[in-house]
Amino acid sequence: MTEAILLVGGKGTRLRPLTVHTPKPMVPAAGVPFLTHQLARARAAGVEHIVLATSYLAEVFEPYFGDGSALGLHIEYVTEEEPLGTGGAIRNVAARLHSGPEDPVLIFNGDILTGLDIRALVDTHESTGADVSLHLTQVTDPRAYGLVPTDGTGRVLAFLEKPQTPEEIVTDQINAGAYVFRRSVIDTIPAGRPVSVERETFPGLLAAGAHLQGMVDSTYWLDLGTPAAFVRGSADLVLGRAPSPAVPGRCGDQLVLPTATVAPDAKLTGGTVVGEGAFVAQGARIFGSTILPGAVIEPGAVITDSLIGTRARVGERSVLTGTVIGDGAIVGADNELRDGVRVWCDARIPAGAVRFSSDQ
């Protein structure tokens, strides 16, 4: 297994305003675009050639990663003119693969942070003679995911999309978004139209008698589809809870990029990241948050589990918890923003304009 397809075409609508100017895989996590972590882990598992299936803001990827040589990879880029879904995107890039019909091809989604043992998934695929092998993980509440029950040998029995009633929840195993395909199976996906692997390709293969194998690996898995999850994933990378060879520094309570400036008495904990050129003033306290490049945190601000966008500014004594501040936005002094608040790019919140408590 020496090549892979990485699906990075989604619009990331659940992450807005982070994805207004930046495709989801390029939003920084632990100091580098999230995609960097996926590419580095694939390379560490032996992948040499990766095809990126791009669509939304496709022009952003190649200027950053180039031919992939800096990561020890050969990267190619294929852009969808119209969104094709997961299966359609895989089929759309198939011509760029070099593998023979029986060779395994790794495929993974561009929004999953995982500690998956990639080599073990490939080994499972080859030892069982499967047509497709799926990484499965176990979750406490599977209602938001597609369930994948298996038999005692790990062979997939069915695909059950987002069950809602207790009777429908027959397993806690879900599709974790990483697959190994036999190369010839990719060519059976219809070309030139939208196709969902979850709703069409996998159930169709199962109905046709194909061998689909599941491998449960629950070491670490996080869908970075929401702002809260993205912030947590970045913090987990910094803390060392999520493995990646691409974190630009030692794991610990904080990651401060080289050109950032942090006042000596500012307190950074919980896997906080301060990006290139950002400034954190005296008395600021930041826990488990991401401060993107060029952002300014003024004196006495308190920021928890939040993401502050590129060139954004948080005013003195403002308290932010579980919030996202878009690129270039300004939050004036003495504001309080709580869980779920999203301040759009370039917006302006005057001093003392938003509060959840008395101003006394």
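You'll find the structure just up there.
Presented here is a report on the structure given in the accompanying data block. These numbers were taken from a predicted model, which means no experiment stands behind them. (Residues numbered from 1 in each chain as written. Predicted model: local features only at pLDDT ≥ 70, side-chain atom pairs only at ≥ 80, totals over all residues. Heavy atoms only, no water.)

**Section: the sheet that holds strand E22 (residues 302–304)**
Right, on to step 1. Pairing in this open sheet of five strands is parallel, and the strands run E16-E19-E22-E25-E28 from one edge to the other. Of all strands in the sheet, those bounded by a partner on one side alone are strand E16 (267–269) and strand E28 (336–337).
Right, on to step 2. As paired strands, strand E25 (residues 319–321) and E28 are joined by two bridges and run parallel to one another. Directly across from Val319, in E28, lies its bridge partner Glu336. (Pairing = 2+ DSSP bridges. Helix = DSSP H or I, 4+ residues; strand = E, 2+ residues; numbered from the N terminus.)

**So, the layout of surface pockets**
Right, on to step 1. The calculated volume of the largest pocket comes to roughly 1,200 Å³.
Right, on to step 2. Every residue lining the largest pocket is counted, 37 residues in all, and those nearest its centre are Lys24, Thr86, Asn109, Asp111 and Glu198.
Right, on to step 3. Looking at the lining of the largest pocket, the elements that each hand over two or more residues are helix H3 (85–92), strand E11 (173–182), helix H6 (197–207) and strand E13 (221–223).
Right, on to step 4. Approximately 190 Å³ is the volume attributed to the second largest pocket.
Right, on to step 5. Forming the walls of the second largest pocket are Leu18, Thr22, Met26, Val27, Pro28, Pro33, Val60, Tyr64, Leu292, Pro293, Thr310 and Asp327. (1 Å grid on protein atoms, 1.4 Å probe; cavity = no way out; pocket = protein on both sides within 12 Å on 5 of 7 lines; lining within 4 Å. Points joined across faces, edges and corners; volume = space filled by probe spheres on them.)

**A short note on the nonpolar core**
Right, on to step 1. In terms of nonpolar packing, the biggest core is built from 29 residues, with Ile5, Ile107, Leu134, Phe181, Ile186, Phe202 and Leu212 touching the most fellow members.
Right, on to step 2. The set of elements that each furnish at least two residues to this core consists of strand E1 (3–7), strand E4 (49–54), H3, strand E6 (104–109), strand E8 (132–138), E11, helix H5 (183–186) and H6.
Right, on to step 3. Non-local contacts of Leu134, meaning those with residues more than four positions away in its chain, are made with Leu121, Val156, Phe159, Asn175, Ala178, Tyr179, Phe202, Leu212, Gln213, Gly214 and Met215.
Right, on to step 4. Counting 25 residues, the second largest nonpolar core, distinct from the first, contains Ile50, Phe61, Leu106 and Leu116. (Core = buried A, V, L, I, M, F, W, Y, C linked by side-chain atoms within 4.5 Å. Buried < 20%, exposed > 50% of the residue type's maximum accessible area, 1.4 Å probe, protein only. Contact = heavy atoms within 4.5 Å.)

**A closer look at the sheet that holds strand E29 (residues 342–343)**
Right, on to step 1. With parallel pairing, the six strands of this open sheet are ordered in space as E14-E17-E20-E23-E26-E29. The open sheet is flanked by strand E14 (254–256) and E29, the only strands paired with a single partner.
Right, on to step 2. As defined by bridge partners, strand E23 (residues 307–308) adjoins strand E26 (residues 324–325) across two bridges and the pair is classed as parallel. For Ile308, the partnering residue across the bridge sits in E26 and is Ile325.
Right, on to step 3. Contacts from helix H7 (residues 227–239) reach E14, strand E17 (272–274), strand E20 (290–291), E23, E26 and E29 within the one sheet, and its direction differs from that of E17 by about 90°. (Axes fitted to C-alpha atoms, helices over the stretch in contact; angles between N-to-C directions.)

**Examining empty space enclosed by the protein**
Right, on to step 1. Scanning the model with the defined rule gives two cavities of 30 Å³ or more in all.
Right, on to step 2. Space inside the largest cavity adds up to approximately 150 Å³.
Right, on to step 3. Lining of the largest cavity is provided by 15 residues; of these, Gln38, Arg41, Phe108, Ile112 and Thr114 occupy positions nearest its centre.
Right, on to step 4. At the level of elements, helix H1 (34–44), E6, strand E7 (112–114) and E11 are the ones that each hand at least two residues to the lining of the largest cavity.
Right, on to step 5. When its residues are assigned to classes, the lining of the largest cavity shows eight nonpolar, six polar and one charged.
Right, on to step 6. In this structure, the second largest cavity encloses a volume near 30 Å³.
Right, on to step 7. What lines the second largest cavity is Gly146, Leu147, Val148, Phe159, Leu160, Glu161, Asn175 and Glu198.
Right, on to step 8. Within the residue set of the lining of the second largest cavity, elements represented by two or more residues are strand E9 (146–147) and strand E10 (160–161). (Nonpolar A, V, L, I, M, F, W, Y, C, P; charged D, E, K, R; others polar.)

**Some points on H7**
Right, on to step 1. Under the 1.5 Å per step criterion, the end-to-end length of H7 is 18 Å for 13 residues, consistent within 8% with the ideal 18 Å.
Right, on to step 2. Counting buried positions along H7 gives ten out of 13 residues, so the element sits mostly inside the fold.
Right, on to step 3. Among the residues making up H7, those that are buried are Pro227, Ala229, Phe230, Val231, Gly233, Ser234, Ala235, Asp236, Leu237 and Val238.
Right, on to step 4. Residue Gly240 follows H7 closely and has a positive phi angle near 90°. (Expected span 1.5 Å × (residues − 1).)

**A few points about the side chain of Gln38**
Right, on to step 1. Structurally, the position occupied by Gln38 is in helix H1.
Right, on to step 2. Here Asn109 takes part through its backbone oxygen, which lies 2.8 Å from a polar atom of the side chain of Gln38.
Right, on to step 3. Not counting residues within four places of it along the chain, the set of residues in contact with Gln38 comprises Leu6, Phe108, Asn109, Gly110, Asp111 and Ile112. (Polar contact = N/O pair within 3.5 Å; in protein donor to acceptor, adjacent residues only side chain to side chain.)

**Remarks on the pairing of E8**
Right, on to step 1. Of all seven residues making up E8, six are buried, and the element is well covered by its neighbours.
Right, on to step 2. Direction of pairing for E8 relative to E11: antiparallel, over a ladder of six bridges. Bridge pairing in E11 links Gln138 to Gln173.
Right, on to step 3. Bridging between E8 and strand E12 (residues 212–216) involves five bridges; their strand directions are parallel. The residue bridging Leu134 from the neighbouring strand is Gly214, located in E12.

**Describing H1**
Right, on to step 1. By the criterion of burial, H1 is predominantly enclosed, with nine of the eleven residues buried.
Right, on to step 2. Positive phi appears at Gly46, one or two residues downstream of H1, with a value of about 105°.

**Thoughts on the side chain of Arg41**
Right, on to step 1. Along the chain, the position of Arg41 falls in helix H1.
Right, on to step 2. As a buried residue without a salt bridge, Arg41 has its nearest oppositely charged side chain in Asp117, at a separation of 6.9 Å.
Right, on to step 3. Among residues more than four places away in sequence, those in contact with Arg41 are Thr114, Gly115, Leu116, Ile118, Pro243, Ser244 and Pro245. (Lys, Arg positive; Asp, Glu negative; His and termini not counted. Salt bridge = Lys/Arg side-chain N within 4 Å of Asp/Glu carboxyl O.)

**Here's the deal with the environment of Ile50**
Right, on to step 1. Looking at the element boundaries, Ile50 is found in strand E4.
Right, on to step 2. The spatial distance from the C-alpha of Ile50 to the C-alpha of Tyr77 is 8.7 Å, given a sequence separation of 27 residues.
Right, on to step 3. Residues in contact with Ile50, not counting those within four places in the same chain, are Ala4, Leu6, Leu39, Ala42, Leu73, His74, Ile75 and Glu76.

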